[in-house]
Amino acid sequence: MSVDSSILHARLKEFFGYDSFKGDQERIINHLISGKDAFVLMPTGGGKSLCYQLPALVMEGTAIVISPLIALMKNQVDAIRGFVSHEKDGIAHFLNSSLGRGQIAEVRRDLLSGVTKLLYVAPESLTKEENIALLREIRISFYAIDEAHCISEWGHDFRPEYRKIRSIIEGIQNAPIIALTATATLKVQSDILKNLRIQDATVFKSSFNRPNLYYEIRDKVEPEKDIIKFIRQNPGKSGIIYCLSRKKVEEMAQTLSINGIKALPYHAGLDAKTRTENQDKFLMEEIDVIVATIAFGMGIDKPDVRFVIHYDIPKSLEGYYQETGRAGRDGREGICITYYSYKDIQKLEKFMQGKPIAEQEIGRQLLAETVAYAESSQCRRKLLLNYFSEDYPQENCGCCDNCLHPKARFDGREEMALAIELIESLPEHFKITHIANILAGETNALIKSYRHDKLELFGAGRDHSVKFWSAVLHQGLILHLLDKEIETYGLISVTPEGRNFLEHPTELMLVEDRAFTSDAYVDEEDDDIPAHVMKGGGGGDPVLLAMLKDLRKDISRELKLQPWIIFSDPSLEDMSILYPVTFEELKNCQGVGEGKAKKYGKDFIELIQMYVDEYDIVRPDDFVVKTIAHKSVNKVFIIQSIDRRMDLEDIAAAKGMDMDTLLTEIEAIVSSGTKLNLDYYIRENLDDDVVDEIYAYFHDEALSDSVADAIRDLGSDYDEKEIRLVRIKFLCEVAN
Ligand code: ADP
Ligand code: MG
């Protein structure tokens, strides 16, 4: 089977309200529709769900979606139902242990009658005989295995039941398989392909770069205070704080609460009911912050999480990448801050001691990578992507702490050459710390057992510390002069490029690691997150946007659906730019398809109509161009000109307006919540006494801010322009 591109695009718009596919989505969908297996590696927020949801809706039969978290299934099903303009909700169902008998009967009925296009199942439910019998009776379009990294033990989230999926599928019926994950290490990839026996599947690997995420590592000094300060600076935004222990989660949630921040805990020690309640409150935006162990958030579909804070350093970079990935899935602001102290690393190492040796080995290696990342002064984006075998070509990403506060670099060609020489001279491969120890001339039991303290190069770089040499070696990896074997826990070898460099060393700019001194913290000159990272909304009408968000919250409570399922933030932002007042216009907003417009649109367009009438908004009549805030070109020009202290006469002349029209525009700007400072103009053109008296009138006497009333009350003594100017000043300073 194959489907025409124009039809796929039409369905994309109709069901999901999107104009174009993201990344590889279309290729993946076509591949699946043509009956072939696919393996999709896409970062969190990349849009994996659509890769199986859309084909499920257009193909014959029912797609089986295997997903690990029961708590999230309802969510996903709600989301699909929200998208699709369908009389019957039977289009999507889930099967898991939370369903009652009646509900199961309903699922059965819909499945057998062919209404259901998507069935979400927990792997546990797939092992039940009655479910398997049911699935044998229906036509299955394909199997989607979401969060497929659960198959692998390498890293995190391992689910033993996931390993049985292949044999269960074989007992049901054959159909194409699509496996999806956001974990990109080679080891995990090969585990998944092998276990599902889809080695011939086409691999679709997207870039793992998440350009909107800002990464920062902070010294762990007074982290509570720092976190509270950060949250206060970001009121109303949703965020997740990860802590490693349940105890810390509880403490942190309490600390935040007593500081007036709406926060709740989430960890595996809470009973299931409380856990679900707390998660729902976060999703429904009744609280702003959830404090959690890593148990929270896998596959969680809240697109507008604005910050992810790691109170404790994660145990692996896989975990770090996944958890930070939960910020800014909608492509907007996503701030990721991690608190680092070497003491925490030592604690983690201690915890590992009780575990089987092989597991300890894996654990230590993963931890060593995390430490290297945290302490590095290199671009965080480059480091992370390199970890996932991807090159990041830019020198400065402009969106991580190290790129915003770059450290001086030095020509490290001699140092790199020395390191390469040593590695080449050894008959076996060793880990980074071992090599760094030899270079710095530090002995330990391992060095002695290999008699490496007798090497000619032992201590050849004793002018520098072990830490310095580790940093050099890590940079060698990023520059592809060195390579690390993943299967053998990170033993280091020299690449052909590295050998070439040793023969002809060229200038090589390196940077030393950062010093973390958790107890003697030196405040950096400027550790504020810059404005281009901390950006709020999308430039629409802020008053309308706030009203739309309130409306969305009310409806979400009433329907018991998460706010974003009704309309996403980008959709509301578009509404606050485009002021749609008909269903047709509403569909021009990002993410609003036929289904959503019909289901939820009515209240929104009514509210917008009211708002437009009330404030005499001139609506943009060209709905073809989206995303640009063309609220009113004049308004933007006026605001900018006043910021630049241009004379009002000149502004009016530039736009071919008379003073009266200009004042009307300014009044509209001010009444929609934007503050303007006209003092420079008023001082030049009005008498101080006149200003004071009109001001006092508005302050003490006026019953409303009506211009007409003011002119009636004051008109005999002052002229209209004076009254209107002072009224604007008053509104900006006091009333708004
Ligand atoms: P993943 O499972 O890969 O983490 P999701 O499937 O949850 O990501 O999608 C992330 C976000 O991207 C969601 O908010 C989704 O609505 C949005 N999205 C997906 N596909 C598109 C598209 N083609 N155009 C615009 N937004 C999209
Ligand atoms: Mg997903």
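## Here we look at the overall build of the chain
Point 1. In terms of helices and strands, the chain carries 34 helices and 17 strands.
Point 2. Whereas a compact globule of 736 residues would reach a radius of gyration of roughly 27 Å, the chain reaches 30 Å, a difference of no more than 12%.
Point 3. Reported as C-alpha extents along the three principal axes, the dimensions of the chain are approximately 100 × 70 × 50 Å.
Point 4. Expressed as a percentage of the 736 residues in the chain, the buried residues total 55%.
Point 5. Considering only contacts within the chain whose residues lie at least 6 apart along the sequence, 74% involve residues at least 24 apart.
Point 6. Accessible area of the chain: about 32,600 Å², with a carbon and sulfur share of 50%.
Point 7. In the chain, 89 side chains carry a positive charge and 121 a negative one; their mean positions are 8 Å apart.

## Details of the sheet that holds strand β1 (residues 38-41)
Point 1. With respect to topology, seven strands assemble into an open sheet ordered β3-β4-β2-β5-β6-β1-β7, the strand pairing being parallel. Edge positions in the sheet fall to β3 (92-95) and β7 (202-205), since each of these pairs with one other strand and no more. Neighbour-to-neighbour, the strand axes of the sheet open up by a mean angle of 20 degrees, direction not taken into account.
Point 2. Inspection of the sheet shows strand β2 (residues 62-66) paired to strand β5 (residues 140-145) by five bridges, in the parallel sense. Its bridge partner lying in β5, Thr 62 is registered against Ile 140.
Point 3. Helix-sheet contacts for helix α5 (residues 101-112) involve β2, β3 and β4 (118-121), and the interaxial angle to β3 is about 130 degrees.
Point 4. Packing against the sheet, helix α8 (residues 165-172) makes contact with β2, β5 and β6 (177-181), and its axis sits at approximately 175 degrees to β5.

## Some remarks on the site of ligand 1
Point 1. Surrounding ligand 1, one finds 15 residues, the nearest of these being Tyr 18, Gly 45, Lys 48, Ser 49 and Arg 329.
Point 2. Here an oxygen atom of ligand 1 and a backbone polar atom of Gly 47 are 3.1 Å apart.
Point 3. Separating an oxygen atom of ligand 1 from a side-chain N or O atom of Ser 49 is a distance of 2.6 Å.
Point 4. Each residue belonging to the shell around ligand 1 can be placed in one class, and the counts come to four nonpolar, seven polar and four charged.
Point 5. Each of domain 1 (5-205) and domain 2 (213-404) accounts for three or more of the residues forming the shell around ligand 1.

## Brief notes about the nonpolar core
Nonpolar side chains tend to gather and get buried jointly when the protein is soluble and globular.
Point 1. In terms of nonpolar packing, the biggest core is built from 137 residues, with Ile 178, Ile 241 and Leu 256 touching the most fellow members.
Point 2. Broken down by element, this core gets its largest block of residues, six residues, from helix α3 (residues 48-58).
Point 3. Both domain 1 (5-205) and domain 2 (213-404) contribute no fewer than three residues apiece to this core.
Point 4. What Leu 256 contacts, discounting residues up to four positions off in sequence, is Ile 227, Ile 228, Ile 231, Ile 241, Ile 261, Ala 263, Val 289 and Val 291.
Point 5. Core analysis: the next-biggest nonpolar cluster, separate from the first, contains 33 residues, Leu 648, Ile 666, Ile 669 and Cys 732 among them.

## Brief notes about a negative patch on the surface
Point 1. A contiguous patch of negative charge, built from Asp 687, Asp 688, Asp 689, Asp 692, Glu 693 and Asp 717, is present on the exposed surface.
Point 2. Tracing the chain through its elements places Asp 689 in helix α32 (residues 688-701).
Point 3. What makes Asp 689 exposed here is its relative accessible area of 52%.

## Points about the confidence of the model for the chain
Close reading of the predicted structure is inappropriate where its pLDDT is low.
Point 1. Across the chain, the average pLDDT comes to 86, with 92% of residues at 70 or higher.
Point 2. Across residues 519-526, confidence stays below pLDDT 50; counting only partners more than four residues off in sequence or on other chains, it has six contacts.

## Details of the packing of helix α2 (residues 25-33) against α3
Point 1. Interhelical geometry of α2 versus α3 gives an angle of 45 degrees and a closest axis separation of 9 Å. As far as their axial angle goes, α3 and α2 are oblique. Between α2 and α3 lies a crossing of right-handed hand. For the pair formed by α2 and α3, the contact residues are Gln 25, Ile 28, Ile 29, Leu 32 and Ile 33 on the first element and Leu 50, Cys 51, Leu 54, Pro 55 and Val 58 on the second.
Point 2. Across the contact of α2 with α3, the residue classes break down as nine nonpolar, one polar and no charged.

## A closer look at the domain arrangement of the chain
Point 1. As assigned here, the chain comprises domain 1 (5-205), domain 2 (213-404), domain 3 (409-511), domain 4 (537-614) and domain 5 (631-735).
Point 2. Its C-alpha centre places domain 3 at a distance of 58 Å from the equivalent point of domain 4.

## Examining the sheet that holds strand β12 (residues 305-310)
Point 1. Taken together, six strands build an open sheet; the order of strands is β8-β13-β12-β9-β11-β10 and the sheet is parallel. Pairing within the sheet leaves two strands with one partner each, and these edge strands are β8 (213-219) and β10 (263-266). Across this sheet, the average inter-strand angle for adjacent strands is 15 degrees, counted without regard to direction.

## Here's the deal with unusual backbone geometry
Point 1. Residue Arg 197 is not a glycine yet carries a positive backbone phi of 50 degrees.
Point 2. Looking at the secondary structure, you find Arg 197 in the loop between α9 (186-195) and β7.
Point 3. For Glu 285, which is not glycine, the phi dihedral falls at a positive 65 degrees.
Point 4. For Glu 285, the position within the fold is in the loop between α12 (272-283) and β11 (289-292).
Point 5. Glu 285 sits in the buried class, given a relative accessible area of 18%.

Thresholds applied
Residue positions are given per chain, counting from 1 as you read along its sequence in written order. Labels are handed out in written order, letters beginning with A for the chains and numbers beginning with 1 for the ligands. Side-chain atom pairs in this predicted model are given and counted only at pLDDT of 80 or more, local residue features only at pLDDT of at least 70, and totals for whole chains, interfaces and linings cover all residues. With hydrogens and water set aside, each side-chain value is computed from the structure's full complement of heavy atoms. Starting at the N terminus, helices and strands are each numbered in turn, a helix being any DSSP run of H or I of at least four residues and a strand any DSSP run of E of at least two. C-alpha atoms define the radius of gyration, and 2.2 Å times the number of residues to the power 0.38 defines the globule rule. To sort residues, take the accessible area from a 1.4 Å probe on protein chains only and compare it with the maximum for the residue type: under 20% means buried, over 50% means exposed, and anything in between is partly exposed. Residues are treated as being in contact if the distance between any of their heavy atoms lies within 4.5 Å. Here the Shrake-Rupley method, with its probe set to 1.4 Å, supplies the accessible areas, and only the displayed protein chains count as covering residues. The positive count covers Lys and Arg only, the negative count covers Asp and Glu only, and His and the chain ends enter neither. The atom standing in for a charge is NZ when the residue is Lys, CZ when it is Arg, CG when it is Asp and CD when it is Glu. Here, a strand pair is defined by DSSP locating no fewer than two bridges between the strands. Here, axes are lines fitted to C-alpha atoms. For helices the fit covers the stretch in contact, and angles between N-to-C directions go from 0 to 180 degrees. For this description, a residue counts as near a given molecule or strand if any of its non-hydrogen atoms is within 4 Å of it. Here a polar contact is recorded for every N or O atom pair within 3.5 Å, except that within protein the pair must consist of a potential hydrogen donor and a potential acceptor, and residues adjacent in sequence are included only if both atoms are side-chain atoms. Each residue gets one label: Ala, Val, Leu, Ile, Met, Phe, Trp, Tyr, Cys and Pro are nonpolar, Asp, Glu, Lys and Arg are charged, and the others, such as Gly, are polar. Residue ranges for the domains trace back to a domain assignment, done automatically or taken from a database. As used in this record, nonpolar core signifies buried Ala, Val, Leu, Ile, Met, Phe, Trp, Tyr and Cys residues forming a set joined through side-chain atoms within 4.5 Å. Two distance rules govern patches: like charges are joined within 9 Å, and nonpolar side chains (Val, Leu, Ile, Met, Phe, Trp, Tyr) within 5 Å, applied only to residues with over 30% relative accessible area and no salt bridge. For this document, the term salt bridge refers to a Lys or Arg side-chain nitrogen within 4 Å of an Asp or Glu carboxyl oxygen. Confidence of the predictor in every single residue is expressed as pLDDT, which spans 0 to 100. The labels follow the angle: roughly parallel below 35 degrees, roughly antiparallel above 145, roughly perpendicular from 65 to 115, and oblique for the rest. By definition, turning the near helix anticlockwise from the far helix through less than a right angle yields a left-handed crossing, and turning it clockwise yields a right-handed one.

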